[in-house]
Amino acid sequence: MWGELIQEVRVAQTGVQILFGFLLTVVFQPRYDTLTHTNQVIYIVTVLLGASATGALIGPVSLHRLVSGRRVKPQAVRWASRMTFVGLVLLLATMTAALLLILRVATHGGLVSWLVVLVVAWYLLCWFVLPLWARRRYTSR
């Protein structure tokens, strides 16, 4: 289970690190100062969420490195699995906030909220609903 978990984390880690790296550059762009106060707050929240997601998704690697050879693999797998789940939830929140900010800046229409809700619903379906449905449907009792 450890090997599968680490492979899953690698995929999520790459995405969150690229997103977080991009977010770090935004504040240094000249246009940042022209953002409304609300958009700047959304940006700060997005950066904090991205930093938290990065920490949670890198956590399993650090955990493995620090407990390797200590005969605590079952406990390490449980903790790493929890960190990964929290990281995915934080990544969902980061993606939501980033999308909200980008759409608020790129458009001024009333569709922004609806577009964000639709994309978040898609994430929830792909990341949680379908996997939980498959788990329930195909897990033998």
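Presented here is a report on the structure given in the accompanying data block. Values in this document were obtained by computation on a predicted structure and should not be read as measured data.

Cut-offs applied
Residues numbered from 1 in each chain as written. Predicted model: local features only at pLDDT ≥ 70, side-chain atom pairs only at ≥ 80, totals over all residues. Heavy atoms only, no water. Helix = DSSP H or I, 4+ residues; strand = E, 2+ residues; numbered from the N terminus. Buried < 20%, exposed > 50% of the residue type's maximum accessible area, 1.4 Å probe, protein only. Polar contact = N/O pair within 3.5 Å; in protein donor to acceptor, adjacent residues only side chain to side chain. Contact = heavy atoms within 4.5 Å. Axes fitted to C-alpha atoms, helices over the stretch in contact; angles between N-to-C directions. Parallel < 35°, antiparallel > 145°, perpendicular 65-115°, else oblique. Left-handed = near helix turned anticlockwise from the far one by under 90°.

### A look at the overall build of the protein
What the protein contains, in helices and strands, is four helices and zero strands. Put simply, the protein runs from its N terminus to its C terminus through helices and strands in the order α-α-α-α. Summarising its shape, the C-alpha atoms of the protein cover approximately 55 × 35 × 20 Å along the three principal directions. With 141 residues in all, the protein has 31% of them scored as buried.

### Let's talk about the side chain of Asn39
Structurally, Asn39 can be placed in helix H2 (residues 37-67). A polar contact of 2.5 Å, which involves the side chain of Asn39, links it to the side chain of Arg104. Beyond its immediate sequence surroundings of up to four residues, Asn39 is in contact with Leu101, Arg104 and Val105.

### With respect to the packing of helix H1 (residues 2-26) against helix H3 (residues 73-106)
Relative orientation of the contacting elements H1 and H3 amounts to 30 degrees, with a least axis distance of 10 Å. Here H1 is positioned roughly parallel relative to H3, judged by the angle of their axes. Read as a crossing pair, H1 and H3 show a hand that is left-handed. Where H1 abuts H3, its residues Trp2, Leu5, Val9, Ala12, Val16, Leu19 and Leu23 lie against Lys73, Ala76, Val77, Ala80, Ser81, Thr84, Leu88, Leu91, Thr94 and Met95.

### Here we look at the environment of Ala53
Positionally, Ala53 belongs in helix H2. Between the alpha carbons of Ala53 and Leu88 there is a distance of 7.1 Å; along the sequence they are 35 residues apart. Setting aside residues no more than four positions away along its own chain, Ala53 makes contact with Val16, Gly87, Leu90, Leu91 and Thr94.

So far we have only geometry, and geometry alone does not tell us how the molecule works.
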